[in-house]
Amino acid sequence: QVQLVESGGGLVQAGGSLRLSCAASGSIFSINAMGWYRQAPGKQRDMVATIGNTGLTNYADSVKGRFAISRDNAGNTVYLQMNSLKPEDTAVYYCAAYTPAGTQWGQGTQVTVSS
């Protein structure tokens, strides 16, 4: 199994920046790719960005050009740099690890963007 712990959320004004981190432990060798998702109150959980073991990235249209996902060389930690934040980016952000056993989730970290 893989355990994921997110950090870096908080309150920021519109136009500001935050950097989220997700530390993976356990069976990290089984991770094929990692990603960030977000869920606003009353809405479904949506993909924000993903990064594969080859470094290939994918972004939701709503965050392209503003957010950047990266992963450390050891593959243990994935980051989400969020710039030019908007109030509509407010949500709980979840880290995900894709493994043969299924998707593993972190506990989530709150990001609140004030206008």
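Predicted model, so just to flag it, every value in this text is computed and none were measured.

## So, the layout of surface pockets
Next up, step 1: Each pocket or cavity is described by its volume, and for the largest pocket that value is around 210 Å³.
Next up, step 2: R38, A40, K43, D46 and E88 are the residues nearest the centre of the largest pocket, which is lined by 15 residues in total.
Next up, step 3: For the lining of the largest pocket, the elements supplying multiple residues, two or more each, are β4 (33–39) and β5 (46–52).
Next up, step 4: When residues in the lining of the largest pocket are grouped by element, the largest group, 3 residues, is from β5.
Next up, step 5: Its residues placed into classes, the lining of the largest pocket shows 6 nonpolar, 4 polar and 5 charged.

## Re the packing of aromatic side chains
Next up, step 1: Going through the model one piece at a time under the given rule, you end up with 1 aromatic pair.
Next up, step 2: On the basis of an interplanar angle of 75 degrees and a centroid distance of 5.0 Å, the ring pair of Y37 and W105 is categorised as edge-to-face. Of this pair, Y37 sits in strand β4 while W105 is found in strand β10 (residues 102–105), placing the two residues 68 residues apart along the sequence.
Next up, step 3: For Y37, a relative accessible area of 16% gives the class buried.
Next up, step 4: Exposure remark for W105: the relative accessible area of 37% places this residue in the partly exposed category.
Next up, step 5: A cation over a ring is seen here: R19 above Y79, with NZ or CZ 4.0 Å from the ring centre.
Next up, step 6: One Lys or Arg, R45, reaches over the ring of W105 and ends 4.6 Å from the middle of that ring.

## A word on the nonpolar core
Next up, step 1: Within the largest apolar cluster, 28 residues are counted, with the highest numbers of intra-cluster contacts made by M34, W36, L80, M82 and Y93.
Next up, step 2: Of all the secondary-structure elements, those providing two or more residues to this core are β1 (2–7), β3 (18–26), β4, β5, β7 (67–71), β8 (77–82), β9 (91–99) and β11 (109–114).

## Here we look at the state of the cysteines
Next up, step 1: Counted by the stated rule, this structure contains 1 disulfide.
Next up, step 2: Between C22 and C95 runs a disulfide, and the two sulfur atoms are separated by 2.1 Å. Every disulfide takes its handedness from the sign of the S-S torsion; for C22 and C95 that torsion is -85 degrees, giving left-handed. A residue pair is termed long-range when its members are at least 10 positions apart, and C22 in strand β3 and C95 in strand β9 qualify at 73 residues. Judged on exposure class, the residue C22 and its partner C95 are both buried.

## Regarding the pattern of salt bridges
Next up, step 1: Tallying each qualifying case throughout the model produces 3 salt bridges.
Next up, step 2: Residue D61 pairs with K64 through a salt bridge whose shortest N-O separation is 3.1 Å.
Next up, step 3: Judged by relative accessible area, D61 falls into the exposed class, the value being 65%.
Next up, step 4: Within this structure, R38, R66 and D89 form a network of salt bridges that share partners.

## Overview of the environment of V78
Next up, step 1: The topology assignment puts V78 in strand β8.
Next up, step 2: On the accessibility criterion, V78 (0% relative accessible area) is buried.
Next up, step 3: Setting aside chain neighbours within four positions, we find V78 in contact with L20, S21, C22, M34, W36, I51, I69, S70, R71 and C95.

What counts and what doesn't
- Here the residue index of a chain counts from 1 through its sequence in written order.
- Residues qualify for local features only when their pLDDT is at least 70, as the model is predicted, and side-chain atom pairs are given and counted only at 80 or more; totals for whole chains, interfaces and linings, by contrast, use all residues.
- Water and hydrogen atoms play no part in the side-chain values, which are based on all heavy atoms of the structure.
- Here the term cavity refers to a set of points on a 1 Å grid, laid over the protein atoms alone, in which a 1.4 Å probe fits but cannot get out; the term pocket refers to an open set having protein on both sides within 12 Å along at least five of seven lines, with lining residues being those that place an atom within 4 Å of a point.
- Grid points are joined across faces, edges and corners, and a volume is the space filled by probe spheres set on the points.
- Secondary structure is summarised from DSSP: a helix means a run of H or I of at least four residues, a strand means a run of E of at least two, and numbering begins at the N terminus for each.
- For this classification, Asp, Glu, Lys and Arg are treated as charged, while Ala, Val, Leu, Ile, Met, Phe, Trp, Tyr, Cys and Pro are nonpolar and the rest, including Gly, are polar.
- Any pair of Phe, Tyr and Trp rings, taking the six-membered ring for Trp, is counted once the centres come within 6.5 Å. Such a pair is stacked with planes under 30 degrees apart, edge-to-face with planes over 60 apart, and tilted for the rest.
- Think of it in three bands: with a 1.4 Å probe and only protein chains considered, a residue is buried below 20% of the maximum accessible area for its type, exposed above 50%, and partly exposed in between.
- A positively charged side chain is recorded as over a ring if its NZ (Lys) or CZ (Arg) lies within 6 Å of the ring centre. The angle to the ring normal must also be within 35 degrees.
- Side-chain atoms within 4.5 Å are what join buried Ala, Val, Leu, Ile, Met, Phe, Trp, Tyr and Cys residues into a set we call a nonpolar core.
- Count a disulfide wherever a pair of cysteine sulfur atoms falls within 2.5 Å.
- The term salt bridge refers to a side-chain nitrogen of Lys or Arg lying within 4 Å of a carboxyl oxygen of Asp or Glu.
- Two residues form a contact once any of their heavy atoms are found within 4.5 Å.

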